[in-house]
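Structural features, examined
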Amino acid sequence: MKKTIGNVGTLNLTEATEESILAIQHINNVGLLLYSTETASLVPKLSIGNLGYSLRIPKDAQVINGLFTVDNELLTYAKPDQTIIVNGLLTFSNDLRLETILETELTFIVNGIIYVPTAFKGSVNRLIKKHSGVSLDYTGSEPKLLSGDTLLTNALVDSFSPKTNLALNGVLTLAADLDLEQLSDKIESIQINGVIELYEHQVASVMSKVTINGTTKIIPTHYKQLKSVFQLSSQSIKRFKQECVFTTKPLVFDQSVTREAFQKAFKSIHSHSFILCSEDIEDLVYEVLNRFETDVYTYKDDFRFITNDTWKQETLQQLKYPTTIVVYRYLRFEDTLSFEAIKDHSIVLLGELSVPNEQSKHVIQQRMTENKNGLIHTSDQLEPSKSNYGELSL
């Protein structure tokens, strides 16, 4: 059974075979693709939507995802001709010795940030075989290393020594009430391989200290960030009271949300995703949006918001009202579809839709009102998309 896959941080094809490649229908996004001389011919046979960086590597190379620190002992006892691939943040400690650097046969391939003592910046270059990203140097104490999702609070900043160099692989989020004077005193620099999320009022004070290999997300000041998909009803919307919200995830309003309830809940919405609502409140949604680019999808009678589901034609026939079907991630139809079964409904395709044959694909396309780079597969041998892999070997 063929698979479709969502996102892969590092895709390792050094041990791939014709069979393992053919088992994959499609991969949406790959950050780093690794292959060997022996498997180079297999790379074009793999369907990938977006590819960040591809690299030919020795078959026996060691792969590190995240943080990796190199000290003098590691260089001293490294195996001859050993290659280490770092997808993330590579730090050289300040106990290095020049003679060790010159004698070692260890080499590095880096996709991300290299952090090295200023005194050894030139000599360490001989160890770097290939590099995509940012190279920085530091003086004094070694950087404070963090990995994963980190919320930078006043308490965390207070725990740092003065003039700390902060290096992080992952997502760094700045608390809304962060004391910017304290941050200036405690943190000398911030190096990020990944994402930084900060508020608009923090940009001037913070970004002068930041070097980033990745994405900067700026949240408008006084906005509350929503970090997941919110599906709001007449009851759940009550948690919002004239809020200004920022989100990169969908906001979905069901039919029970009245105009009065919506007006009481939101003052402003800053969305980098989309909004799904009834036609009854569409005008109110546009009034509170502060991004022209935000898509708003509407339904008249009913809707289905699909993350990951499998339907039969019978499922369509059981819908009581004309329904807008929003495919956010993945929907699979098991059996052949007739136009009669779907003629009262419409489809907004934002993810992937699998149908068993060309006849069903044609039927779907006739009822599709929106397709934002979605995929329609005509095979009943597909598995639902897998969401995310940090590292995947085929």
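Everything below is about the structure shown above.
About the criteria used
- Residues numbered from 1 in each chain as written.
- Predicted model: local features only at pLDDT ≥ 70, side-chain atom pairs only at ≥ 80, totals over all residues.
- Heavy atoms only, no water.
- Salt bridge = Lys/Arg side-chain N within 4 Å of Asp/Glu carboxyl O.
- Helix = DSSP H or I, 4+ residues; strand = E, 2+ residues; numbered from the N terminus.
- Buried < 20%, exposed > 50% of the residue type's maximum accessible area, 1.4 Å probe, protein only.
- Phe/Tyr/Trp six-rings, centres within 6.5 Å; stacked < 30°, edge-to-face > 60°.
- Pairing = 2+ DSSP bridges.
- Axes fitted to C-alpha atoms, helices over the stretch in contact; angles between N-to-C directions.
- Polar contact = N/O pair within 3.5 Å; in protein donor to acceptor, adjacent residues only side chain to side chain.
- Contact = heavy atoms within 4.5 Å.
- Core = buried A, V, L, I, M, F, W, Y, C linked by side-chain atoms within 4.5 Å.
- Arc of directions from axis to C-beta.

**Quick look at the pattern of salt bridges**
Inspection of every chain in the model, using the stated rule, returns 12 salt bridges. With a shortest N-O distance of 3.4 Å, Asp137 and Lys121 are connected by a salt bridge. Of this pair, Asp137 sits in strand E7 (residues 128–138) while Lys121 is found in helix H4 (residues 121–124), placing the two residues 16 residues apart along the sequence. Residue Lys163 pairs with Glu188 through a salt bridge whose shortest N-O separation is 3.9 Å. You can see Lys163 sitting in the loop between helix H5 (154–158) and strand E9 (164–174) and its partner Glu188 sitting in strand E10 (residues 187–199), a full 25 residues away along the chain. Given a relative accessible area of 51%, Lys163 falls into the exposed group. Where salt bridges share partners, they join Glu197, Lys217 and Lys227 into one cluster.

**So, unusual backbone geometry**
Of note, the phi angle at Asp81 is positive, near 60°, even though the residue is not glycine. A relative accessible area of 62% places Asp81 in the exposed class. Even without being a glycine, Lys163 presents a positive backbone phi close to 60°.

**What to know about the packing of aromatic side chains**
Summed over all chains, the structure comprises 13 aromatic pairs. Considering the side-chain rings of Phe274 and Phe305, the 6.4 Å spacing of their centres and the 45° angle between planes classify their relative orientation as tilted. In this pair, Phe274 sits in strand E17 (residues 274–278) while Phe305 sits in strand E19 (residues 302–311), placing the two residues 31 residues apart along the sequence. The burial state of Phe274 is the same as that of Phe305; both residues are buried. Geometrically, the ring pair formed by Phe305 and Tyr328 is stacked, given 5.3 Å between the ring centres and 25° between the ring planes. Here Phe305 is found in strand E19, whereas its partner Tyr328 is found in strand E20 (residues 323–333), with 23 residues between them in sequence.

**Considerations on the sheet that holds E7**
If you trace the 4 strands from one edge of the open sheet to the other, you get E4-E5-E6-E7, paired in parallel fashion. On the outer flanks of this sheet lie strand E4 (62–70) and E7, each paired with one strand and no other. Neighbour-to-neighbour, the strand axes of this sheet turn through a mean angle of 25°, independent of strand direction. Looking at chain direction, E4 and strand E5 (residues 83–92) are connected through 9 bridges and run parallel. Across the sheet, the residue bridging to Asn65 is Asn87, located in E5.

**Describing the sheet that holds E9**
Taken in spatial order, the 4 strands line up as E8-E9-E10-E11 in an open sheet, and their pairing is parallel. Strand pairing shows two members of the sheet lacking a second neighbour, strand E8 (144–152) and strand E11 (210–219), which therefore form its edges. Strand after strand, the sheet turns through a mean of 30° between neighbouring axes, direction not considered. Pairing between E10 and E11: 10 bridges, direction parallel. Its bridge partner being in E11, Gly194 is matched across the sheet by Gly214.

**Focus on the side chain of Asn165**
As for its placement among the helices and strands, Asn165 is situated in strand E9. Classification of Asn165 as buried rests on a relative accessible area of 8%. Separated by 2.7 Å, the side chains of Asn165 and Ser189 make a polar contact. With near-sequence residues (within four places) excluded, Asn165 lies in contact with Tyr115, Tyr138, Thr139, Ser141, Pro143, Lys144, Glu188 and Ser189.

**Some points on the nonpolar core**
As a rule of thumb, soluble globular proteins bury nonpolar side chains together. Judged by nonpolar contacts, the single largest core of 21 residues is most densely connected at Phe253, Phe262, Phe266 and Ile269. With residues near it in sequence (within four places) discarded, Phe262 still touches Ile237, Phe253, Val257, Ile269, Ile281, Leu284, Val285 and Val288. Among the nonpolar cores identified, the runner-up in size contains 19 residues, and Leu90, Phe108, Val110 and Leu127 belong to it.

**Some remarks on helix H12 (residues 358–366)**
Those residues of H12 not exposed but buried are Ser360, Val363 and Ile364. All buried residues of H12 lie within an arc of 100° about the axis, which places them on one face of the element. Buried positions along H12 lie against E20, helix H11 (339–342), strand E21 (346–349), strand E22 (352–355), strand E23 (368–371) and strand E24 (375–378).

**Digging into the environment of Thr17**
Tracing the backbone shows Thr17 in the loop between strand E1 (2–12) and helix H1 (18–22). Taking C-alpha positions, Thr17 is 7.6 Å from Leu42, a pair spaced 25 residues apart along the chain.

**Details of the side chain of Asn87**
As for its position among the elements, Asn87 is in strand E5. Using a relative accessible area of 16% as the deciding quantity, one classes Asn87 as buried. Reaching out from Asn87, the side chain makes a polar contact with the side chain of Asn65 at a distance of 3.2 Å. In contact with Asn87, other than residues within four places in its own chain, are Gly9, Thr10, Leu32, Ile64, Asn65, Gly66 and Asn111.

**Quick look at the environment of Leu46**
Counting through the fold element by element, Leu46 comes out in the loop between strand E2 (24–35) and strand E3 (48–56). Each C-alpha atom of the pair Leu46 and Gln25 lies 7.9 Å from the other, and the pair is 21 residues apart in sequence. Apart from the residues within four sequence positions on either side, Leu46 is in contact with Leu11, Leu13, Ile21, Ile24, Ile27 and Leu394.

Everything listed here is a matter of geometry and, on its own, says nothing about what the molecule does.
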